[in-house]
Every structure is written in structure tokens, then in C-alpha cells.
Amino acid sequence: MGVMFNTNVELRLRSAREGFIKSAVLSFIGLIIELIIVVIAPSIILLTDLLHWSVDTVLEVIFLLVIYLASRIGRKFPWSIVIIESISVTLALLVILGLYGYFFLDYISSIVGTGEVSTSSLTPLIATVGGGVITLLMHVIQKRNYQQYKIELLKLDAQHALIDFIASILASLGIVLTYLSKNYSVELLFTFMSMIFVAHSLFEVFKDVMKTLSGANIDYELRARVKELLIDEYKNKNLEIDDVDARKIGSFYVVSVKILVDPDTTINEIHELRRRITRSIRNSSELIYHVDVRFYPRHKAKARLKGKRRKKLGP
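The following paragraphs examine the structure supplied in this document. As the structure is a computational prediction, the values presented were derived from the model and not from experiment.

Turning our attention to the overall build of the chain. In terms of regular secondary structure, the chain is built from 10 helices and 3 strands. Over its C-alpha atoms the chain spans a radius of gyration of 25 Å, topping by over 25% the 20 Å that the globule rule assigns to 315 residues. Each principal axis of the C-alpha atoms in the chain carries an extent, and together these give about 80 × 50 × 25 Å. Every one of the 315 residues in the chain was classed for burial, and the buried ones make up 45%. Considering only contacts within the chain whose residues lie at least 6 apart along the sequence, 77% involve residues at least 24 apart. Working note: accessible area of the chain is about 16500 Å², and carbon and sulfur atoms make up 63% of it. Separation of charge centres in the chain, based on 38 positive and 30 negative side chains, amounts to 11 Å.

So this is what it looks like as C-alpha cells:
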């Protein structure tokens, strides 16, 4: 894909952001529909599917935020915002899981006491079938967007929507069979099957959250490769590659570079260097969507380093 692929990366990210906005709105609509129906016609299968929708809506919001931050090409990537968002997401999901756990235990207690199923009508089908239509639409939108913009996160979202479509079909089938059989074993079977999809979504969310909070999203191999590339490409220039950081977020990478330059370097030269360095880094991998390049005067940086060493050594 080469240089042309990367020179349009900002435009592609902004265009992909529109796709995620549509996907997030559709996901929120599906969540509201299921919430209304589960109040009108309670069903443990629908409640579990509602839990799935809740987690997926959170996931869509995460994808949208990540794409938005990555599309701000000219600005430093705000990792502090990502960390705050990760903590907030974790707390929100724990609350959602706690509420579901309460209702599920109440359902088990009801089965023990009465032996009756919670799915007493076919009304929940309105939510599960409607959810299937929405997720299929989300899959079509994001698949088309991926084919056009080639953003890996779009491909991931399209695949996830297809899995959600399958989950909606199973939930609908479970509601029909439970209503016809009046057998709580059938209801429990499909409830646990829905829980598998919930676990899949939760794993995706918590995996990225824990990597971000623990710093495990650092890619040491890519960091070394980018640093070696820059050192080799700019070895005859009057600059020094001081530090390189490469972190994975979602399905793409954010790279930060610290460059030491001669203090007499002009602003125009700095802008040209930033443009060339950014292009060099992006050309090294099509999964690098955001690059931060920071410049520091060489002698001042070394003076600060010597000052720190003197403080450690003492008088």
C-alpha cells in the first residue's frame, strides 16, 4: 500500500470515525429497545441478551473514542484520557455485572420455588429479532467501511457485529423453544449459551483495559524496529534519536519519538523533520495510525542529564 496508504491516514481515520458513530448509535438503539421489552415482558434469556448489548455498547464507545483520538494527527496522543476511560469502563461493567448477577440469582430462586420459566410470552422476540436486524446492519456498514478505508479496527467491529447477529438468532430460538416447551432446562440452556457471548465481549474489553492500565500494551519489538529504522535513516543528519515508544491500542499502534536536535535548528527545519519522520514511521507498518514526534535541544537535554547525575552523586 506504501506511501499513498499512509499519506491519507488522517482522512481515512476521520471517515472511519463516522462509521463508528453510526455503529454506536445503532448499538444504543438496540440497547434501549431490549431494555423496554425486558420491562414489559421479563425473560432471563432476554435479560442475558440485554447484558450482552450493554457490554457491546460500551465496546462501541471505546472504539469510537480510540478512533477519535487517533484521528487527531497533529496533537499528542492523550494516554491519560485513555487510562481514565479504561478505569471508568471497568467500574461501569462491574456495576452492570453486579445488577445482572442479582437478577439471575433471583431467577434461580424462583425456579427452585415454583419450577416455572420466566419466558411466558413471545413478546421478547421483538427485541431479539430487532437486535438481529440491527447487528446485521452494523456488520454491513462496518464491512463496507473496512473495504473502503482499510482500518483494522473497522474489520474487528464488523466481525464482532456478525458474532452478535448469531447471538441474537440463538436468543430468539431459545425464547421460542422455552415458550413452547415451558421447560426451565431449555431456558437455562439458552441462557448459558447467551452467557458465552457475554464472556467473549467482556474478555475483549477487559483484555485491552488491563493491558492499558498495566503498560503491557508496549510493543518492544516494534519499538526497537522503529528506533533502528530512524537511526539508520537519519545517521548523517544533525539529530539524535533519544527515545521511541510504541503502544498497541485496539488493533493499531501509537508511536511516540523523542528527538534531540541542534538548538540552532529553525522552525521550518523542525516542521520538515517532523513530516519526514512521521512518514518514515508510518511506512514501517500500516497498523501505525498515530505518531507523536517531540523535539528537544540537544545541549540542554544533556545539561539536564548531567545536573541530575550531580544531584545523585552529591557535592
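In this section: the sheet that holds strand β1 (residues 239-249). Spatial ordering of the open sheet is given by β1-β2-β3, a layout of 3 strands whose pairing is mixed. The two strands at the open ends of the sheet, each matched to only one other strand, are β1 and β3 (288-297). The sheet shows a mean angle of 15 degrees between the axes of neighbouring strands, direction not considered. Lying on the sheet, helix α9 (residues 267-284) is in contact with β1, β2 (252-261) and β3; it crosses β3 at an angle near 145 degrees.

Between its first and last C-alpha, helix α5 (residues 125-149) extends 35 Å over 25 residues, near the 36 Å set by a 1.5 Å rise per residue. Just downstream of α5, Lys150 is the residue with a positive phi angle, here 55 degrees.

Moving on to the nonpolar core. Ranked by internal contacts, the top residues of the largest apolar core, which has 57 residues, are Leu13, Ile151, Leu153, Val205, Ile249 and Phe252. Of all the secondary structure elements, the ones that give two or more residues to this core are α2 (9-40), α3 (44-71), α4 (79-114), α5, α6 (152-181), α7 (184-214) and β2. With 16 residues, the top contributor of residues to this core is α3. Not counting chain neighbours up to four residues away, the residues in contact with Phe252 comprise Val66, Ala70, Leu153, Arg247, Leu287 and Tyr289. Judged by nonpolar contacts, the second largest core, of 21 residues, contains Val261, Leu273, Ile277 and Ile281.

A word on the layout of surface pockets. Counted as a void, the largest pocket has a volume near 490 Å³. Glu204, Lys207, Asp208, Ile249 and Gly250 are the residues nearest the centre of the largest pocket, which is lined by 27 residues in total. Secondary-structure elements contributing two or more residues to the lining of the largest pocket are α3, α4, α6, α7 and β1. Considering each element in turn, the lining of the largest pocket owes the most residues, 9 residues, to α7. Taken together, the residues of the lining of the largest pocket break down into 14 nonpolar, 6 polar and 7 charged.

For β1 and β2, the ladder comprises 10 bridges, and the chain directions are antiparallel. Looking at β2, one finds that Asp243 is bridged to Lys258. Counted between consecutive antiparallel strands, the loop separating β1 from β2 contains 2 residues, among which Gly250 sits at a positive phi close to 70 degrees.

Reading guide: rules and limits
- Residues numbered from 1 in each chain as written.
- Predicted model: local features only at pLDDT ≥ 70, side-chain atom pairs only at ≥ 80, totals over all residues.
- Heavy atoms only, no water.
- Helix = DSSP H or I, 4+ residues; strand = E, 2+ residues; numbered from the N terminus.
- Rg over C-alpha atoms; globule rule 2.2 N^0.38 Å.
- Buried < 20%, exposed > 50% of the residue type's maximum accessible area, 1.4 Å probe, protein only.
- Contact = heavy atoms within 4.5 Å.
- Areas by Shrake-Rupley, 256 points an atom, 1.4 Å probe, with all protein chains shown as cover.
- Lys, Arg positive; Asp, Glu negative; His and termini not counted.
- Charge placed at Lys NZ, Arg CZ, Asp CG, Glu CD.
- Pairing = 2+ DSSP bridges.
- Axes fitted to C-alpha atoms, helices over the stretch in contact; angles between N-to-C directions.
- Expected span 1.5 Å × (residues − 1).
- Core = buried A, V, L, I, M, F, W, Y, C linked by side-chain atoms within 4.5 Å.
- 1 Å grid on protein atoms, 1.4 Å probe; cavity = no way out; pocket = protein on both sides within 12 Å on 5 of 7 lines; lining within 4 Å.
- Points joined across faces, edges and corners; volume = space filled by probe spheres on them.
- Nonpolar A, V, L, I, M, F, W, Y, C, P; charged D, E, K, R; others polar.

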